[in-house]
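What follows is the residue order along each chain.
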Amino acid sequence: MIPRAALANITNWINRTHRKPLILRGARQVGKSTLVRMAALACEAVLWEVNLERYPNLYSLFQTRDPQQILRELALILNLPNPGTRPLLLFLDEIQEAPEALVCLRYFYEEMPQLLVVAAGSLLEFTLAKANFSMPVGRVEYLWLGPLDFSEFLQGTGASSLADFLVQWRVGQTIPDALHQKLLEKLREYFLVGGMPEAVQVFAQTGQFTEAQAVHRSILDTYKDDFGKYAQGAALEKLRHVFERAPLLLGQKVKYKNFHPDWKANEIRQALELLERAGIVVKVKHSESSGVPLSTQEDPTVYKLFFVDIGLALNAWGTGGLELSAFLEGRIFEEGKLAEQFAAQALAYSAGRHEAPRLFYWLREGKSTNAEVDFLLTVRQTVIPLEIKAGTSGSLRSLHQFMALKKLGKAVRCDLLPPSAQQVNTTVMTPAGKQAVNYQLQNLPLYLLPFVFLGEF
């Protein structure tokens, strides 16, 4: 099993004296069930894994709302092992199939606080959104899980020494060119394989991109098969169409006519909301970003889209026969979109996220004053603009304008160059006329993107 950074979150949860039942959230096939098994093994707990999709006859058990009785009957019906003196971890998988089980999390918390209870479900978000039952608000906690990040990919593909180097690196240290090139090569592998655990595992075992791409196709088909569970009729047709178009519009401001010129905007919007609820797409919303928190200045009607996983997005482009050499030789169209997708994925699913992904960017539209900053982050209560470049050069005109307007002192650019820092002193045209702009720019290679959160620059 591939090591996951989120494993530390679950083991810390297990070791806490005061804990609430934990609900894992995230798209289908990002590894939620595997993560729970890893946590039980790491903490030497006896795992009772109950898949409520496979055992519909168990639904009535939870209607009793009696934790002791539920455990007794689960053990008898499923012939589960006696934990003895070891801790017991009850894992209720596909819990959306039995909403009464969600209600029972409250009673597990109140009457059996020593019991380790974890729940997950591939379509859980749709059950939670209905809210036609009594959710145990305040008596559960959440952990969002996404695909494997780049460091986890390195560990899973036999490059753990490179992953260790990234963990130990600190701002100001140089990176030898040979090591830098090796990390860029692995980064491009990640662009192709992505972070879906099964795809990474197959690639690690075979070394064949085509094998990983076969997994991508299977996952995409699984997502499509799910659509019938939360959309019907004409809405289902539109959902499938929007799903197929979304990867082609990565990083673009959403304009509903780009999905279908003849459909109503509201129909497209509803389809995108369903895909977002399923964890398949991630929205990055415009924020005026005049201070923190960024969410208080967001405009929910202005946003751009990214996919759950870069490997899935590439496969959805129809690049099934693409080889790594196409990346190494610069023979890939729209590589800038992939670089932004990589960044969005890394930012949205950073380890330890206990709230839904919320990403922001800045956009100003005008006849002669268009400007866009790719991402906005909050680091130590300060807004940090982040620009993403797919190569080793690129204009920073929009970033200059943003820094002049917002009077900020630090910014970050991620590209394919080794790390460096510079003091920017220039002038820029703004709606108020020409202005001087001075700020510190930290340049980081894309593979060091997680260091932006540390704010050590």
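Everything here concerns the structure above.
Values in this document were obtained by computation on a predicted structure and should not be read as measured data.

A. Representation of the overall build of the protein chain within the structure. Per the secondary structure count, the protein chain includes 16 helices and 13 strands. Here the protein chain has a C-alpha radius of gyration of 23 Å; the compact-globule value for 457 residues is 23 Å, and the two agree. Once the C-alpha set of the protein chain is aligned to its principal axes, its extents read approximately 75 × 50 × 45 Å. When the 457 residues of the protein chain are sorted by exposure, 55% land in the buried category. Sequence separation of at least 24 residues holds for 72% of the intrachain contacts in the protein chain that already meet a minimum separation of 6.

B. Structural detail: the packing of aromatic side chains. Scanning the model with the defined rule gives 15 aromatic pairs in all. Relative to Tyr230, the ring of Phe126 lies with its centre 3.9 Å away and its plane at 15°, an arrangement referred to as stacked. Placement of Phe126 in helix H5 (residues 124-130) and of Tyr230 in the loop between helix H10 (209-226) and helix H11 (233-245) is noted, with a sequence separation of 104 residues between them. Accessibility classification places Phe126 together with Tyr230 in one group, the buried group. Residues Phe150 and Phe342 carry aromatic rings whose centres are separated by 6.5 Å and whose planes lie at 80° to one another, so their mutual orientation is edge-to-face. With Phe150 in helix H6 (residues 150-156) and Phe342 in helix H15 (residues 335-348), this pair connects stretches of sequence that are 192 residues apart.

C. Molecular detail of the side chain of Arg25. Here Arg25 shows up in strand S1 (residues 22-25). A polar atom in the side chain of Arg25 sits 2.6 Å from the side chain of Glu125. If sequence neighbours within four positions are ignored, Arg25 has contacts with Lys32, Leu124, Glu125, Leu128, Tyr142, Leu143, Trp144 and Leu145.

D. Geometry of the nonpolar core. If you look at the biggest cluster of nonpolar residues, it comprises 113 residues, and the most contacted ones within it are Phe150, Ile280 and Phe307. Ignoring anything within four residues of it in the chain, the contact list for Ile280 reads Tyr223, Phe227, Tyr230, Phe243, Leu275, Phe306, Phe307 and Val308. Counting 31 residues, the second largest nonpolar core, distinct from the first, contains Val50, Leu58, Leu78 and Ile95.

E. Seen up close, the sheet that holds strand S3 (residues 88-93). Pairing in this open sheet of five strands is parallel, and the strands run S2-S3-S4-S1-S5 from one edge to the other. Among the strands making up the open sheet, the edge pair consists of strand S2 (46-51) and strand S5 (141-144). Neighbour-to-neighbour, the strand axes of this sheet turn through a mean angle of 20°, independent of strand direction. As paired elements, S2 and S3 share six bridges and run parallel to each other. Residue pairing in the sheet places Val46 in a bridge with Leu88 of S3. Against the sheet, helix H3 (residues 67-78) contacts S2 and S3, and its axis sits at roughly 80° relative to S2.

F. Broad picture of the environment of Tyr439. Counting through the fold element by element, Tyr439 comes out in strand S13 (residues 433-445). Each C-alpha atom of the pair Tyr439 and Met403 lies 7.5 Å from the other, and the pair is 36 residues apart in sequence. Apart from the residues lying within four places of it in its own chain, the contact partners of Tyr439 are Leu399, His400, Met403, Leu408, Gly409, Lys410, Ala411, Gln422, Gln423 and Val424.

G. Geometry of the pairing of strand S8 (residues 359-364). The buried count for S8 comes to six of six residues, which makes it a mostly enclosed element. Burial along S8 is two-sided: Leu359, Tyr361 and Leu363 facing one way and Phe360, Trp362 and Arg364 facing the other are all buried. Relative to S8, strand S6 (residues 281-287) runs parallel, the two being bridged by three bridges. Note on S8: the bridge partner recorded for His286 is Tyr361. Note that S8 and strand S9 (residues 371-379) share four bridges and pair antiparallel. Of the residues in S9, the one forming a bridge with Leu363 is Glu372.

H. Quick look at the pattern of salt bridges. Going through the model one piece at a time under the given rule, you end up with 23 salt bridges. Two residues, Lys283 and Glu276, come together in a salt bridge whose shortest N-O distance is 3.5 Å. Under the relative-accessibility criterion, Glu276 is labelled partly exposed at 32%. In this structure, Asp415 engages Arg413 in a salt bridge whose closest nitrogen and oxygen atoms are separated by 3.6 Å. Neither residue differs from the other here; Asp415 and Arg413 are each classed as buried.

I. Inspection of the sheet that holds S9 at higher detail. Sheet architecture is open: eight strands sit in the order S7-S6-S8-S9-S10-S11-S13-S12, paired in mixed fashion. This sheet does not close on itself; its edge strands, each paired only once, are strand S7 (298-307) and strand S12 (420-430). Each adjacent strand pair in this sheet contributes to an overall mean axis angle of 40°, direction not counted. This element, helix H16 (residues 397-406), spans S8, S9, strand S10 (382-388), strand S11 (410-415), S12 and S13 of the sheet and lies at about 80° to S12.

J. View of the packing of helix H8 (residues 177-193) against H10. Their axes nearest at 9 Å, the elements H8 and H10 cross at an angle of 35°. Between H8 and H10, the contacting residues are Glu189, Leu192 and Val193 on the first element and Phe209, Ala212, Gln213 and His216 on the second. Partitioned by chemical class, the residues of the contact of H8 with H10 number four nonpolar, two polar and one charged.

Conventions and cut-offs
- Residues numbered from 1 in each chain as written.
- Predicted model: local features only at pLDDT ≥ 70, side-chain atom pairs only at ≥ 80, totals over all residues.
- Heavy atoms only, no water.
- Helix = DSSP H or I, 4+ residues; strand = E, 2+ residues; numbered from the N terminus.
- Rg over C-alpha atoms; globule rule 2.2 N^0.38 Å.
- Buried < 20%, exposed > 50% of the residue type's maximum accessible area, 1.4 Å probe, protein only.
- Contact = heavy atoms within 4.5 Å.
- Phe/Tyr/Trp six-rings, centres within 6.5 Å; stacked < 30°, edge-to-face > 60°.
- Polar contact = N/O pair within 3.5 Å; in protein donor to acceptor, adjacent residues only side chain to side chain.
- Core = buried A, V, L, I, M, F, W, Y, C linked by side-chain atoms within 4.5 Å.
- Pairing = 2+ DSSP bridges.
- Axes fitted to C-alpha atoms, helices over the stretch in contact; angles between N-to-C directions.
- Salt bridge = Lys/Arg side-chain N within 4 Å of Asp/Glu carboxyl O.
- Nonpolar A, V, L, I, M, F, W, Y, C, P; charged D, E, K, R; others polar.

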